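The lines below spell out each chain.
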Amino acid sequence: MVLDFETVRSIGYVELIDGAVYLQDSDQVLTYTMVAKNLARTALSPERSVELIESMIMSCTDPDGPTALFTRAEMRAWLDGVEAGEFDHLT
């Protein structure tokens, strides 16, 4: 995550299992900014994410049904949505 401020330089924030790291090096912050923009660009819309999850659930309930295959970008978008709470209303 990149934290942008109006009066001071931006910093990167990275959560770890046992803590967090704040990045202040401008090159590292730029890298994280580019990654965040790429994730936002490739992520599925909330509506498409719901459709994808519903199709996964339907295919999982039929043992003889099709196997769901997803690209890395699709799985990352789904995981990001789960972490952001986009699907909490489904539980």
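Residues numbered from 1 in each chain as written. Predicted model: local features only at pLDDT ≥ 70, side-chain atom pairs only at ≥ 80, totals over all residues. Heavy atoms only, no water.

> Mind laying out the layout of surface pockets, listing which residues take part and the relevant values?
Quantified by volume, the largest pocket comes out at close to 490 Å³. Around the largest pocket, the lining is made up of 14 residues, and of these Met1, Tyr13, Leu39, Asp80 and Glu83 lie nearest the centre. For the lining of the largest pocket, the element with the most residues is helix H1 (residues 26-42), which contributes five residues. A breakdown of the residues in the lining of the largest pocket according to their chemical character gives 10 nonpolar, no polar and four charged. (1 Å grid on protein atoms, 1.4 Å probe; cavity = no way out; pocket = protein on both sides within 12 Å on 5 of 7 lines; lining within 4 Å. Points joined across faces, edges and corners; volume = space filled by probe spheres on them. Helix = DSSP H or I, 4+ residues; strand = E, 2+ residues; numbered from the N terminus. Nonpolar A, V, L, I, M, F, W, Y, C, P; charged D, E, K, R; others polar.)

> Tell me what's going on with the sheet that holds strand E1 (residues 2-3), and back it up with residues and numbers.
Judged by pairing direction, the sheet is antiparallel, and its three strands sit side by side in the order E1-E2-E3 without closing on themselves. A strand with exactly one partner marks an edge of an open sheet, and here the two such strands are E1 and strand E3 (19-23). Across five bridges, the pairing between strand E2 (residues 11-16) and E3 is antiparallel. Among the inter-strand pairings, Leu16 is bridged to a residue of E3, identified as Gly19. (Pairing = 2+ DSSP bridges.)

> Outline helix H3 (residues 72-83), listing residues and values.
Taking 1.5 Å per residue, 12 residues should reach 16 Å; H3 reaches 16 Å between its end C-alpha atoms and fits that length. Where H3 ends, the next residue or the one after it, Gly85, has phi of about 85 degrees, a positive value. (Expected span 1.5 Å × (residues − 1).)

> I'd like a rundown of H1, residues and numbers included.
If you check H1, its first and last C-alpha atoms are 24 Å apart, about what 17 residues at 1.5 Å a residue would give, namely 24 Å. Between the side-chain oxygen at the start of H1 and the backbone nitrogen of Asp27 there is a gap of 3.1 Å, and the oxygen is on Asp25. (Polar contact = N/O pair within 3.5 Å; in protein donor to acceptor, adjacent residues only side chain to side chain.)

> Describe the packing of aromatic side chains, and please don't skip the residues or the numbers.
A complete count under the given rule lists one aromatic pair for this structure. Here the aromatic rings of Tyr13 and Tyr22 are separated by 5.0 Å at their centres, their planes lie at 50 degrees, and the arrangement is tilted. A relative accessible area of 51% places Tyr22 in the exposed class. (Phe/Tyr/Trp six-rings, centres within 6.5 Å; stacked < 30°, edge-to-face > 60°. Buried < 20%, exposed > 50% of the residue type's maximum accessible area, 1.4 Å probe, protein only.)

> Tell me about the pairing of E2, and name the residues and values.
Sheet topology note: the E1/E2 ladder contains two bridges and is antiparallel. Following the sheet pairing, Val2 is matched in E2 by Gly12. Counting the residues between successive antiparallel strands, the hairpin from E2 to E3 contains two residues.

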